[in-house]
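# Coordinates in review
What follows is each chain in one-letter form.
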Amino acid sequence: MQENKYDDPAFFNKYGGMLRSTLGLRGAGEWAELKKMLPTFAGKRVLDLGCGYGWHCAYAAEHGAKRVTGIDISERMLAVARTKTVRENVQYARISIEDASFEEDSFDVVLSSLAFHYIEDFESLCRKVHRWLSREGCFVFSVEHPVFTAHGPQRWVDDAQGNHLYWPVDRYFEEGARQAVFLGERIAKYHRTLTSYMNGLLRSGMRITGLAEPQPSRKMLSRMPGMADELRRPMMLLISAVKTGE
């Protein structure tokens, strides 16, 4: 089972102050690109892996999903999700992604936002998602970019005045656990290469339909100090895939 850092009160409170926590999808820098990759939800059965506050579950329900299931390991995250999404067709459950188990052909769409870099075995997860999906079902997710996760600490190298000199990329082909610093707290993440993400999907029987490395919008660049540094290296990777016909 993955580390449950989000139920730590100090960490959870810091997370609650982030723009994506207070503004929802409008505060997520990758949302504009991720939205383009999503399928239509009308009449669909949807699963959100690592649903957090439930923003994507709510969006799917608001756009006609027949049934939405959100799972997360954090009870604190789920408690917030339940207050924000009061719909009979949206259900939340405390289950880790690794322990999730559903019947074959249970969902038409599987989503995940910034959760899979906490998962050690991505290819096994892809095989499970393939079983859960209906024929031609969609799998859309975001993760931290391999360039962002490779070195480990996830910090800029600065000069004596605190100016960012460069983002270190090291041990890129050495996949596995990293000790990162997020919101001032140490947290375990897993690094894997872009090749591993692609092959994990392909070997499980998926057809890749989209890939994006989102950049901050002009609005974000103009309104948020320091956001220009996000143009110096990719932070996120977005991928969409479809279960191939059988």
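Note that this is a predicted model, so its numbers are computed, not measured. (Residues numbered from 1 in each chain as written. Predicted model: local features only at pLDDT ≥ 70, side-chain atom pairs only at ≥ 80, totals over all residues. Heavy atoms only, no water.)

## A word on helix α5 (residues 75-84)
As a reminder, the rule being used: Accessible area is worked out with a 1.4 Å probe on protein chains only. A residue is then buried under 20% of its type maximum, exposed over 50%, and partly exposed in between. The numbering of helices and of strands both runs from the N terminus, where a helix is a DSSP run of H or I of at least 4 residues and a strand a run of E of at least 2. Working note: the arc is built from the helix axis to C-beta atom directions. Residues count as neighbours in contact if any of their non-hydrogen atoms are within 4.5 Å of one another. Each polar contact in these results corresponds to two N or O atoms within 3.5 Å; when the atoms are within protein, one needs to be able to donate a hydrogen and the other to accept it, and residues that are neighboring in sequence are counted only if both atoms are side-chain atoms.
Three or more residues of α5 are buried, namely M77, L78, V80 and A81. Looking straight down α5, one finds that the buried residues subtend no more than 160 degrees of arc, so they occupy a single side. Turning to α5, the residues buried within the fold contact α1 (9-16), β2 (67-72) and β3 (90-94). At the N-terminal end of α5, a side-chain oxygen is found 3.3 Å from the backbone nitrogen of R76, two or three residues along, and the residue is S74.

## Quick look at the environment of G210
Tracing the sequence through the fold places G210 in strand β10 (residues 206-212). Residue classification places G210 among the buried positions, given a relative accessible area of 17%. Non-local contacts of G210, meaning those with residues more than four positions away in its chain, are made with M37, L238, I239 and S240.

## Side note on the side chain of R178
Note the following rule: Here Asp and Glu are counted as negative and Lys and Arg as positive; His is not counted, and neither are the chain ends. Whenever a carboxyl oxygen of Asp or Glu lies within 4 Å of a side-chain nitrogen of Lys or Arg, that contact is scored as a salt bridge.
Counting through the fold element by element, R178 comes out in strand β8 (residues 176-182). Despite its burial, R178 pairs with no opposite charge; the closest candidate is E174, at 4.8 Å N-O. From its side chain, R178 meets the backbone oxygen of E174 in a polar contact 2.7 Å long.

## Some details on the sheet that holds β2
Condition: Strands qualify as paired when DSSP identifies two bridges or more between them. Fitted lines through C-alpha atoms serve as axes, helices being fitted only where they are in contact, and the angles separating the N-to-C directions of these axes extend from 0 to 180 degrees.
Within the open sheet, the 7 strands sit side by side as β3-β2-β1-β4-β5-β11-β10. Their pairing is mixed. Looking at strand neighbours, the two that pair on one side only are β3 and β10, the edges of this open sheet. Strand-to-strand twist in this sheet, taken as the mean axis angle between neighbours without regard to direction, amounts to 15 degrees. Looking at chain direction, β10 and strand β11 (residues 236-243) are connected through 6 bridges and run antiparallel. Looking at the pairing, G210 lines up with S240 of β11. Contacting β1 (45-49), β2, β3 and β4 (107-113), helix α4 (residues 55-62) runs over the sheet at an angle of about 180 degrees to β2. Each of β2 and β3 touches α5; the most contacted strand, β3, lies at about 165 degrees to it.

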